[in-house]
Amino acid sequence: MMRRPMPENKKTRKVLKLENKTVVKNGIGFGSVLAITISWSVNHSILWSIIHGCLSWLYVVYYALVR
């Protein structure tokens, strides 16, 4: 016997919307922080750290493959 999915009530939808806003509010992600940290430890340059932070996971994977 298949069960029908339970319809979401208004309270559940509000909680889900709040969770989405919290993720956006946090701003910078783990990949960006990791890329900035690696870049700073290698180059000691704020400009390169900002550029690598924007590229985030691409730079982290590049660094892992090259080093």
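The phi dihedral of H44 falls on the positive side, at around 55°, and the residue is not glycine. For H44, the location among the structural elements is in the loop between α2 (30–43) and α3 (46–55). At S56, a position not held by glycine, the phi torsion is positive, near 40°.

Examined against the element boundaries, S49 turns out to sit in helix α3. We classify S49 as buried; its relative accessible area is 6%. Setting aside residues no more than four positions away along its own chain, S49 makes contact with I36, S39 and W40.

Taken as a whole and assessed by the stated rule, the structure comprises 3 aromatic pairs. Taking 6.1 Å as the distance between ring centres and 50° as the angle between the ring planes, the aromatic pair formed by F30 and W57 counts as tilted. Placement of F30 in helix α2 and of W57 in helix α4 (residues 57–66) is noted, with a sequence separation of 27 residues between them. For F30, a relative accessible area of 60% corresponds to the exposed category. You can call W57 partly exposed: its relative accessible area is 46%. On the basis of an interplanar angle of 40° and a centroid distance of 6.3 Å, the ring pair of Y59 and Y63 is categorised as tilted. Of the two residues, Y59 and Y63 both sit in helix α4, 4 residues apart, roughly one turn of that helix. Among the residues examined, Y59 registers a relative accessible area of 8% and is labelled buried. The structure contains a cluster of three or more aromatic residues connected by ring pairs, namely Y59, Y62 and Y63.

Reading the values: rules and limits
- Residues numbered from 1 in each chain as written.
- Predicted model: local features only at pLDDT ≥ 70, side-chain atom pairs only at ≥ 80, totals over all residues.
- Heavy atoms only, no water.
- Helix = DSSP H or I, 4+ residues; strand = E, 2+ residues; numbered from the N terminus.
- Buried < 20%, exposed > 50% of the residue type's maximum accessible area, 1.4 Å probe, protein only.
- Contact = heavy atoms within 4.5 Å.
- Phe/Tyr/Trp six-rings, centres within 6.5 Å; stacked < 30°, edge-to-face > 60°.

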